[in-house]
Amino acid sequence: MVERIERLITEIGAIKAVNLDEVEQLRLKYLSKKGLVSVLFDEFKTVPAEIKREVGQKLNGLKTSALQKIEQLKAEFEHEDNAGFAGGDLTRPSLKPLGARHPISVVRKQIIDIFARIGFTVAVGPEIEDDWHNFSALNFTPDHPARDMQDTFFIATNPDILLRTHTSSVQIRTMESSQPPIRMIFPGRVFRNEAISARAHCIFHQVEGLYIDKNVSFADLKQTLMYFAKEMFGENTEIRLRPSYFPFTEPSGEMDVSCNICGGAGCNICKYTGWVEILGCGMVDPNALENSGISSREYTGFAFGMGIERITMLKYQIKDLRLFFENDVRFLRQFTGAM
Ligand code: DAH
């Protein structure tokens, strides 16, 4: 019997397996109830008393080495299964992107980066505003018809507190708290009581720009916006400025860019005009400067405001504004990888 035990010890010492299934087969062969090692334990009962001690020790040695060998083989393959994890670099970025950035965030970042390259820094203001910052300081007199045009959401019954209808409110807050030179952009969410459709929503996003210093002229505004349009829509983009009206700028304009879909030839996106409107702008009205504590004799400046949804729709040819708010993963997944 001792001989058989020793032969088994040698045999088990040499066994090999190529995968976890084989290891399990080997475990059954040696260690299951009817396995080769277990059978020897059954026979042990019949071993004569005088050699029981010697045989018993050998047998226990066999069982231990069989258990160890099986564990060792198992560990090899379990380790292999997790090789990418256990042996890998835990700080390495995931190979597959987890989720995607929302297109509005993608374009907001592009706008911020474009203006950062010419020295504009970023600030934000509150979404719940008072009448002063959203209207009065921006030169909307109490009975100004433009107030009606903004479809304001008021908070409860207090006509002084409202959800801001534009990010122009942050211009005022910035001018109140700092002196020129000011070269900043203000991204943020705005709210208007509009019926929801493919072209309008009650929540949307704007980026406001403000540049105040000595001797700032309309030419500076035009150059800045031309630079922005070419960076955002491509080198061949052209701009045109049309006269417009806003209470807080004088003169005021609206800027169109040449349609980036048809290159100006005319298509349904630009309604066959070759141009699409993307922002409002102008020279900051002296009243808005004075209302915020900045001398209009010493300083001049320009401002502009654009809708992020509109720019995103043009850039990615998205035809329905509601897609931005529905969080349909089939829409959002198309932006996987966009930064
Ligand atoms: N606040 C305007 C709007 O929401 C956009 C705008 C127009 C902003 C002209 C400006 C500007 O700064 O100068 O319609």
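Residues numbered from 1 in each chain as written. Predicted model: local features only at pLDDT ≥ 70, side-chain atom pairs only at ≥ 80, totals over all residues. Heavy atoms only, no water.

Caption draft 1: Molecular detail of the overall build of the protein chain. For the protein chain, the count of helices and strands is 14 helices and ten strands. Its C-alpha atoms give the protein chain principal-axis dimensions of about 115 × 50 × 40 Å. In the protein chain, which comprises 339 residues, the share counted as buried stands at 40%. Taking the average place of the 40 positive charges on the side chains of the protein chain and the average place of its 44 negative ones, the gap between the two points comes to 8 Å. (Helix = DSSP H or I, 4+ residues; strand = E, 2+ residues; numbered from the N terminus. Buried < 20%, exposed > 50% of the residue type's maximum accessible area, 1.4 Å probe, protein only. Lys, Arg positive; Asp, Glu negative; His and termini not counted. Charge placed at Lys NZ, Arg CZ, Asp CG, Glu CD.)

Caption draft 2: Up close: the pairing of strand 8 (residues 249-258). For strand 8, a buried count of eight out of ten residues is recorded, marking the element as mostly surrounded by other parts of the structure. Both strand 7 (residues 239-246) and strand 8 contribute to a ladder of seven bridges, which runs antiparallel. Bridged to L241 within strand 8 is M255. Counting the residues that bridge the hairpin from strand 7 to strand 8 gives two residues. Judged from the eight bridges that link them, strand 8 and strand 9 (residues 275-284) form a sheet pairing that is antiparallel. (Pairing = 2+ DSSP bridges.)

Caption draft 3: A look at the packing of aromatic side chains. All told, the structure shown has twelve aromatic pairs when counted by the stated rule. Relative to F120, the ring of F115 has its centre 5.3 Å away and its plane inclined at 70°; by these criteria the two rings are edge-to-face. The exposure classification of F115 matches that of F120, with both residues buried. Among the aromatic side chains, those forming a connected cluster through ring pairs are F115, F120, Y211, F228, F302 and F304. The ring of F44 has K52 sitting right over it, with the charged end atom 5.5 Å from the ring centre. The aromatic ring of F41 is capped on one face by K63, whose charged end is 5.5 Å from the ring centroid. (Phe/Tyr/Trp six-rings, centres within 6.5 Å; stacked < 30°, edge-to-face > 60°. Lys NZ or Arg CZ within 6 Å of the ring centre and 35° of its normal.)

Caption draft 4: Structural detail: the sheet that holds strand 9. A sheet is described by the order of its strands in space; here seven strands give the open sequence 1-5-6-10-9-8-7, paired in mixed fashion. Every other strand in the sheet has two partners, leaving strand 1 (121-122) and strand 7 as the edge strands with one partner each. The strands touched by helix 12 (residues 308-316) are strand 6 (203-213), strand 9 and strand 10 (300-307); relative to strand 10, the strand with the most contacts, the crossing angle is about 60°. (Contact = heavy atoms within 4.5 Å. Axes fitted to C-alpha atoms, helices over the stretch in contact; angles between N-to-C directions.)

Caption draft 5: Seen up close, the domain arrangement of the protein chain. The domain boundaries assigned to the protein chain delineate domain 1 (2-85) and domain 2 (103-335). Using C-alpha coordinates to define each centre, domain 1 is positioned 77 Å away from domain 2. (Domains from an automatic or database assignment.)

Caption draft 6: Quick look at the packing of helix 10 (residues 218-233) against helix 12. Put simply, helix 10 and helix 12 touch, their axes get as near as 11 Å, and they point 45° apart. Between helix 10 and helix 12, the angle falls in the class oblique. When helix 10 is examined against helix 12, the residues F228, M232 and F233 are found in contact with a partner set consisting of I311, L314 and K315. Residue composition of the contact of helix 10 with helix 12, by class: five nonpolar, no polar and one charged. (Parallel < 35°, antiparallel > 145°, perpendicular 65-115°, else oblique. Nonpolar A, V, L, I, M, F, W, Y, C, P; charged D, E, K, R; others polar.)

Caption draft 7: Layout of the pattern of salt bridges. Enumeration according to the criterion identifies 17 salt bridges in this entry. In this structure, E71 engages K74 in a salt bridge whose closest nitrogen and oxygen atoms are separated by 4.0 Å. Of this pair, E71 and K74 both sit in helix 4 (residues 49-81), three residues apart, which is roughly one turn of that helix. Among the residues examined, E71 registers a relative accessible area of 46% and is labelled partly exposed. For E298, the salt bridge identified is with K214, shortest N-O distance 3.7 Å. (Salt bridge = Lys/Arg side-chain N within 4 Å of Asp/Glu carboxyl O.)

Caption draft 8: A look at the packing of helix 6 (residues 103-116) against helix 12. The contact between helix 6 and helix 12 brings their axes to 9 Å, and the two run at 100°. Put simply, helix 6 runs roughly perpendicular to helix 12. Packed against helix 6, whose contacting residues are P103, I104, V106, V107, R108, Q110 and I111, the element helix 12 presents I308, E309, I311, T312, K315 and Y316 at the interface. Residues belonging to the contact of helix 6 with helix 12 are distributed by class as follows: eight nonpolar, two polar and three charged.

Caption draft 9: Main features of the nonpolar core. Core analysis: the biggest nonpolar cluster contains 40 residues, and I111, F228, I278, F304 and M306 have the highest contact counts within it. Breaking this core down by element, the ones donating at least two residues are helix 6, strand 6, helix 10, strand 8, strand 9, strand 10, helix 12 and helix 14 (329-332). Residue contributions to this core peak at six residues, all from helix 10. Not counting the four nearest positions on each side in its chain, I278 is found in contact with F228, F233, M255, D256, V257, M306, G307, I311 and L314. Core analysis: the second largest hydrophobic core is formed by 22 residues, A123, I212, V284 and A303 among them. (Core = buried A, V, L, I, M, F, W, Y, C linked by side-chain atoms within 4.5 Å.)

Caption draft 10: Spatial organisation of the environment of M339. Relative to the helices and strands, M339 resides in the segment after helix 14. The spacing of M339 and V106 is 233 residues in sequence and 5.6 Å in space, taken between C-alpha atoms. Each residue touching M339, except ones within four places of it in the same chain, is listed here: R101, V106 and K109.

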